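# Structural overview
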Amino acid sequence: MKRPSIILFVLALLCLYSTNVLAKDGYKLWLQYEKIENKELAESYLNSIHQITIPNHSATTDVIKNELSIALKDMLSTFPVFTEDGIKKNNIVIATPESLPWLDEFIGQNQLDGLGQEGFIIKSIQYKNQPITLITGNADAALLYGTFEFLKLLQTHQSIVDLNIVSVPKTKIRILNHWDNLDRTVERGYAGSSIWNWHLLPDHINQQYIDYARANASIGINGTVLTNVNANALVLTAAYIEKAAALAKVFEPYGIKVYLTARFSAPMEIGQLKTSDPLDEEVQKWWNDKATEIYSYIPNFGGFLVKADSEGQPGPHNYGRTQAEGANLLAKALKPHGGIVMWRAFVYSENTPDDRAKQAYNEFKPLDGEFESNVLVQVKNGAIDFQPREPFHPLFGAMPKTPLMMEFQITQEYLGQGTHLVYLSKLYEEVLNTDTYCKGPGSTVVKIIDGSLENHQLSGMAGVSNIGSDRNWTGNHFGQANWYAFGKLAWNPYASSEKIAEDWIAMTFSNDPKFISTTLDIMSKSREAAVNYMTPLGLHHIMGWNHHYGPAPWITDKHRDDWTSTYYHQAGSDGIGFDRTSSGSDALSQYSPYIEKQFSNPKTCPEKYLLWFHHLPWAYRMESGKTLWEELALHYQAGVDQTTTAIKKWSTLEKSIDNERYQHILSFMKIQEKEAKWWRDACLLYFQQFSKLPLPDAVEKPNKTLEDFKNYKPHFAPGI
Ligand code: BDP
């Protein structure tokens, strides 16, 4: 090749590499910053962004400049001009009130006070007769959040004139829980290995850590627990604290604090003490010293997340102490440094003969008021375990004196794992909006989570991460939507799932209205579809042994009853379902009297929870007039049909986005459809042994036997 042609060739390759190939494999998440092809729109944006004034100097303002540079270069092919002072016409000003002595002309002190340290305002103003876009907040992190919101407007092709946006987070702690082990395996992870390369830390900082922080800051996440709740005490040794400190340093400019999981027996395992009893003075001293040591490495350390007395984890029970005594031990150690404890309520024991759904309530409710002020009790979104659908946890509304934090699972342990397209925001929204009636009508779960019902200052939402080393971060491209939606809902748990999805689709894929509406339709129906083909009408916990992959309603006779399927569905010739009314486990008595009454009667219990609370005969008449057996079978079929319809809809979008992501998603959707049929056929054949009734005509007949399904043992299913 002659010289000029070689240069041209290399240039062409570079272009391809930087704009197309890398941009389309999902790595950029919702920060694609797609070029704005509409000339008029691009022009109107450029007109409003003549110069960007940022007077503050900090690592965070550097991050802001960097983000604006990437975004404006990609979207508008422009390199922004930054200044520290001087305000021109059509300027963007990004600053805290201290650097803007004239601010009170436009924004009152009251409003600024209401923003706290993280809330922001984006406002179009006329400063000295010049149109200006102002992004302000009381701290640099707020400016970063405001900048991302401003960029979202551009990404979603909104107007940026006459802006008046005020956004204040409703919860304080918005945090990802990584169930990542120090050997880089990820418990319930379906997107490769852990992104934390402990072996190379603290010396090597992977670019992915920085992009992780950007992505999280863009959706308002302000904390990350780096390690698995099934904790390894090693992470509290100096060598690992130093590694965690390196990550904390990367995340700090993005407003993200690092937290660690604390193994309750750490004083014995790494401290050589004879006990870990929370009332032992040496143990208390050990934790106090440990906290001081951690803060010497990580001055903005967030605190601990603890799983105790559950599934083999050590805890205060080992010493006859309460959960509050355990939590307070750590809370007191962290308090002088400003740290918090997130103490999980997921406590249950195989030695307790009571219904597993009741155990957390029984254990924690009597302790209301006994926790230190820097403890949040972290409660899962269901009393059993992140099922496709669970009624809200009875602890919500039962502990008014204690701030309760929500724990949602973003990773899809029970919802199709790596491949199924399930938009979980619908699930989160359903739980958050449920009325507990604990203080009369309107006592919704969301008001407990954000602290408003009982006036708690501390509040939070945790999401068990679905992030891994896969190039697209979450394995399934649509897993990104669940990460995104979690962050958005943690910031504003009153937000609508549909609006969140619309923004995500536009930022991630395309602003084409047909693409958005079709994809939104697929996403919006996906959660109900999954419930239908997995666990309709209140069924729960009937998936594969241990890996939880696929259906296995036949699991029985294991060393723990409450880990089997038969314990939960109770199917027999007399019917199906777990009786949690007063004639059964009486779990319903843990709810407010209003809910108890409504749910105790199968006729007034919402059908979506029917078999959660009731054991009913196969011939029981449902609202539709059909029998329970027929409805069950039709729900399974409907779930399968929904996956088929989703594929058809997605196929109409082939030309709307890049082929790489289109095909990747399509192939996963086909796996989902295949597995939905597996769920339907395996469950219906299994339950049919007891119902002894034929499948309704509308239900496709299985082409395998129950034995075939039982004999199928998937090897090496991920996530264990
Ligand atoms: C269950 C998971 C298990 C977790 C446990 C927990 O199967 O891997 O360790 O929850 O939340 O959902 O502690």
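Residues numbered from 1 in each chain as written. Predicted model: local features only at pLDDT ≥ 70, side-chain atom pairs only at ≥ 80, totals over all residues. Heavy atoms only, no water.

Here the focus is the overall build of the protein chain. Assigned secondary structure in the protein chain consists of 22 helices and 14 strands. Over its C-alpha trace the protein chain gives a radius of gyration of 27 Å, about what one expects of a compact globule, namely 27 Å for 720 residues. Taken over the C-alpha atoms alone, the protein chain extends approximately 80 × 65 × 55 Å along its principal axes. Relative to its 720 residues, the protein chain shows a buried fraction of 61%. (Helix = DSSP H or I, 4+ residues; strand = E, 2+ residues; numbered from the N terminus. Rg over C-alpha atoms; globule rule 2.2 N^0.38 Å. Buried < 20%, exposed > 50% of the residue type's maximum accessible area, 1.4 Å probe, protein only.)

Before going further, it helps to spend a moment on the site of the ligand. As a structural note, the neighbourhood of the ligand is formed by 15 residues, with E187, K307, R344, D385 and E413 the closest of them. Contacts to the ligand include E187, whose side-chain N or O atom sits 2.4 Å from an oxygen atom. Within the contact set of the ligand, an oxygen atom lies 2.7 Å away from a side-chain nitrogen or oxygen of R344. Considering only residue class, the shell around the ligand consists of five nonpolar, two polar and eight charged. (Near = heavy atom within 4 Å. Polar contact = N/O pair within 3.5 Å; in protein donor to acceptor, adjacent residues only side chain to side chain. Nonpolar A, V, L, I, M, F, W, Y, C, P; charged D, E, K, R; others polar.)

This part takes up the sheet that holds strand β2 (residues 82-83). Taken in spatial order, the six strands make up an open sheet running β2-β1-β3-β5-β4-β6, and their pairing is mixed. In this open sheet, the two strands that pair with only one neighbour each are β2 and β6 (164-167). The pairing of strand β4 (residues 120-127) with strand β5 (residues 130-136) spans seven bridges and is classified as antiparallel. Counterpart to Q126 in the pairing with β5 is P131. (Pairing = 2+ DSSP bridges.)

Moving on, we come to the nonpolar core. Residues F251, W287, W483, W650 and F687 are the most contacted members of the largest nonpolar core, which totals 226 residues. No other element matches helix α21 (residues 659-691), which puts 13 residues into this core. With 13 residues, the next largest nonpolar core counts V93, L103, I125 and I132 among its residues. (Core = buried A, V, L, I, M, F, W, Y, C linked by side-chain atoms within 4.5 Å.)

One number sums up the size of the largest pocket: a volume of about 670 Å³. Together, 32 residues line the largest pocket, and Q117, E118, K172, I173 and N222 are the ones closest to its centre. Looking at the lining of the largest pocket, its residues break down into ten nonpolar, 16 polar and six charged. Counting residues domain by domain, the lining of the largest pocket receives three or more from each of domain 1 (25-167) and domain 2 (173-508). (1 Å grid on protein atoms, 1.4 Å probe; cavity = no way out; pocket = protein on both sides within 12 Å on 5 of 7 lines; lining within 4 Å. Points joined across faces, edges and corners; volume = space filled by probe spheres on them. Domains from an automatic or database assignment.)

We now examine the sheet that holds strand β10 (residues 303-306). The strand order around the closed barrel built from eight strands is β7-β8-β9-β10-β11-β12-β13-β14, with neighbouring strands paired in parallel fashion. In this sheet, neighbouring strand axes are inclined to one another by 25 degrees on average, regardless of whether the strands run parallel or antiparallel. Both β10 and strand β11 (residues 340-344) contribute to a ladder of four bridges, which runs parallel. Paired with F304 across the bridge in β11 is V341. (Axes fitted to C-alpha atoms, helices over the stretch in contact; angles between N-to-C directions.)

Below, the discussion takes up the UniProt feature "domain: Glycosyl hydrolase family 67 catalytic" (unreviewed entry) in the protein chain. Under the UniProt annotation, the feature "domain: Glycosyl hydrolase family 67 catalytic" (unreviewed entry) is placed at residues 154-473. Along residues 154-473, the helical share is 26% and the strand share 13%, with 24 Å between the first and last C-alpha atoms. (UniProt positions renumbered as here; feature names shortened; annotations may be inferred.)

All right, on to the domain arrangement of the protein chain then. Partitioning the protein chain into structural domains gives domain 1 (25-167), domain 2 (173-508) and domain 3 (532-578 + 615-711). Taking the mean C-alpha position of each, domain 1 and domain 3 sit 49 Å from one another.

Side-chain pairing between opposite charges can occur once the charged atoms of the two side chains come close. As enumerated under the stated definition, the model contains 37 salt bridges in all. The residue R174 makes a salt bridge to E118 at a minimum N-O spacing of 2.9 Å. With a gap of 56 residues between them, R174 in strand β7 (residues 173-177) and E118 in the loop between α4 (109-114) and β4 connect regions that are remote in the sequence. With respect to burial, R174 and E118 carry one shared label: buried. Ionic pairing is found between K335 and E372, a salt bridge with its closest N-O pair at 2.7 Å. Note that K335 is positioned in the loop between α10 (323-334) and β11 and E372 in the loop between α11 (356-364) and β12 (375-380), a separation of 37 residues in sequence. Residue classification places K335 among the partly exposed positions, given a relative accessible area of 35%. The network of salt bridges with common partners includes E149, K152, K488, K499 and D503. (Salt bridge = Lys/Arg side-chain N within 4 Å of Asp/Glu carboxyl O.)

Most of β11 is tucked away: five of the five residues are buried. Along β11, one buried face is formed by I340, M342 and R344 and the opposite face, lined by V341 and W343, is buried too. For the handedness criterion, the β-α-β arrangement of β10, α10 and β11 is classed as right-handed. Sheet topology note: the β11/β12 ladder contains four bridges and is parallel. When the sheet's bridge partners are listed, V341 is paired in β12 with V375. Following the chain from β11 across α11 to the adjacent parallel β12, one finds a crossover that is right-handed. (Right-handed = clockwise from strand over helix to strand, strands pointing away.)

Glancing now at the packing of aromatic side chains. The final tally for this structure, using the stated rule, is 45 aromatic pairs. Taking 5.8 Å as the distance between ring centres and 40 degrees as the angle between the ring planes, the aromatic pair formed by F599 and Y609 counts as tilted. With F599 in helix α18 (residues 593-600) and Y609 in the loop between α18 and α19 (610-613), the pair connects residues that are ten residues apart, well separated along the chain. With a relative accessible area of 6%, F599 lands in the buried category. For Y609, a relative accessible area of 7% corresponds to the buried category. Through a chain of ring-to-ring contacts, the aromatic side chains of Y27, W30, W196, Y209, Y212, F251, W473, W483 and Y484 assemble into a single cluster. The ring of W545 has K558 lying over it, and the distance from NZ or CZ to the ring centre is 4.6 Å. Sitting over the face of the ring of F578, R580 holds its NZ or CZ atom 3.8 Å from the ring centroid. (Phe/Tyr/Trp six-rings, centres within 6.5 Å; stacked < 30°, edge-to-face > 60°. Lys NZ or Arg CZ within 6 Å of the ring centre and 35° of its normal.)

For helix α6 (residues 207-218), spanning twelve residues, the distance from its first C-alpha to its last is 17 Å, which sits close to the expected 16 Å at 1.5 Å a residue. Most of α6 sits inside the fold, with ten of its twelve residues counted as buried. Packing partners of the buried residues in α6 comprise α3 (59-76), α5 (140-155), β7, β8 (223-225), α7 (238-251) and α14 (479-491). Positioned one or two residues after α6, G220 has a phi angle of 85 degrees, which is positive. (Expected span 1.5 Å × (residues − 1). Contact = heavy atoms within 4.5 Å.)

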